[in-house]
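# Architecture and fold: a report
Chain by chain, the residues:
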Amino acid sequence: MANIRARLKMFMLPIAMLCGWLFHQPVEAVQFLSPYLIFTMLLITFCRVNISEFRITALTWKVVGVQMIGCVVLYFSIAPFDSVLAQGAMLCFLCPTATAAPVITAMLGGSIITLVAISVLSNVWAALFAPLMFTIALGDNGLNIDFLATFGTIMAKVGPMIVGPMVLALLLRIVAPKVHRFIHDNQSISFYLWSIVLIIVVGRVTTFALSEPSERIPQMIILTIAAGIICAIQFIVGRRLGRRHGDAVAGAQGLGQKNTLLAVWMALTFLDPLASIAPAAYIIWQNSFNSLQIWLKARRDSKNS
């Protein structure tokens, strides 16, 4: 039975991505479930976390530093040649750590508490930094952006998804220890919930891409390739930073796994809508990489068992 579960995990995420692509139209009807599924996944993951161990470490600052510096360097390097590509590339770096990143980190054997610290600081800095970068990207039109309103909107979107599950997990530990223990001992549930979320996310990206006019296909291809290169760079740099501090997995996931749905929303709300193709493509790239990592780990675990 354990061998069957291991094999299922090896292929679950690629199957989920394929299902999202094939059934993208029906998926639209259930896309509203994504926040609730992610909230539940994080609750399950945080039940493994001892909140008293939460620390902002040197790795946390380094990952967030790369996130901020990378988006500035990329934007100003590309903007003179292609403003839309510059905006898309900037978003792929500026975008904060995914709220679901602790789930994948746990599956890969990384430190959840380290990843939670990275996720919290990454989201705060992205909310602070995004209005400034959007103002620069939009030039004179950027003067219409209200910094405090933008900060509040972004934090309102990501804050409850991070803080809510942490608070609920802590409350369960105190008032319902048996329930907390049950969740603690059944962490594999989060993997299957993540697969459902991935079906929904890929379905939404597919629908979005198909709705774009055909004359934009060449630029969409460039944005897609750029997103793949940026994704690879961030996973590699994050892993190297993490290895120096004893947690390559948390470093890689903290920098490489992004809240790309938030980035798509930011592009559609504040920037050129076409720039949203880059973070939309990043969804596919990062989940392909995560699928490969989980497959390789499951393969290693099956050989060692």
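Residues numbered from 1 in each chain as written. Predicted model: local features only at pLDDT ≥ 70, side-chain atom pairs only at ≥ 80, totals over all residues. Heavy atoms only, no water.

Here we take up the packing of helix α7 (residues 112–138) against helix α12 (residues 248–256). Look at α7 against α12: their axes get within 9 Å of each other, and the N-to-C directions meet at 25°. In terms of orientation, α7 and α12 fall into the roughly parallel class. Judged by the sense of rotation from one axis to the other, the crossing of α7 with α12 is right-handed. Taking contact as the criterion, the partners of Thr114, Leu115 and Ile118 in α7 are, on α12, Ala250, Gln253 and Gly254. Residue classes in the contact of α7 with α12 are distributed as three nonpolar, three polar and no charged. (Axes fitted to C-alpha atoms, helices over the stretch in contact; angles between N-to-C directions. Helix = DSSP H or I, 4+ residues; strand = E, 2+ residues; numbered from the N terminus. Parallel < 35°, antiparallel > 145°, perpendicular 65-115°, else oblique. Left-handed = near helix turned anticlockwise from the far one by under 90°. Contact = heavy atoms within 4.5 Å. Nonpolar A, V, L, I, M, F, W, Y, C, P; charged D, E, K, R; others polar.)

To continue, consider the pattern of salt bridges. Opposite charge on two side chains makes pairing possible when the charged atoms of those side chains draw close. Within the structure shown, the criterion is met by one salt bridge. One salt bridge connects Arg181 with Asp185, and the closest N-O pair in it is separated by 3.3 Å. Under the relative-accessibility criterion, Arg181 is labelled partly exposed at 46%. Its relative accessible area of 48% is what places Asp185 among the partly exposed residues. (Salt bridge = Lys/Arg side-chain N within 4 Å of Asp/Glu carboxyl O. Buried < 20%, exposed > 50% of the residue type's maximum accessible area, 1.4 Å probe, protein only.)

Turning next to the side chain of Ser122. Position of Ser122 among the secondary structure elements: in helix α7. In this structure Ser122 comes out as buried when scored by relative accessible area, which is 1%. Within the structure, the side chain of Ser122 is placed 3.0 Å from the backbone nitrogen of Thr97, a separation counted as a polar contact. With sequence-adjacent residues up to four places away left out, Ser122 is seen in contact with Val64, Gln67, Pro96 and Thr97. (Polar contact = N/O pair within 3.5 Å; in protein donor to acceptor, adjacent residues only side chain to side chain.)

On to the side chain of Gln257, then. Checked against the element boundaries, Gln257 lands in the loop between α12 and α13 (260–270). Here Gln253 takes part through its side chain, which lies 2.7 Å from a polar atom of the side chain of Gln257.

Function cannot be inferred from these measures alone, as they are strictly geometric.
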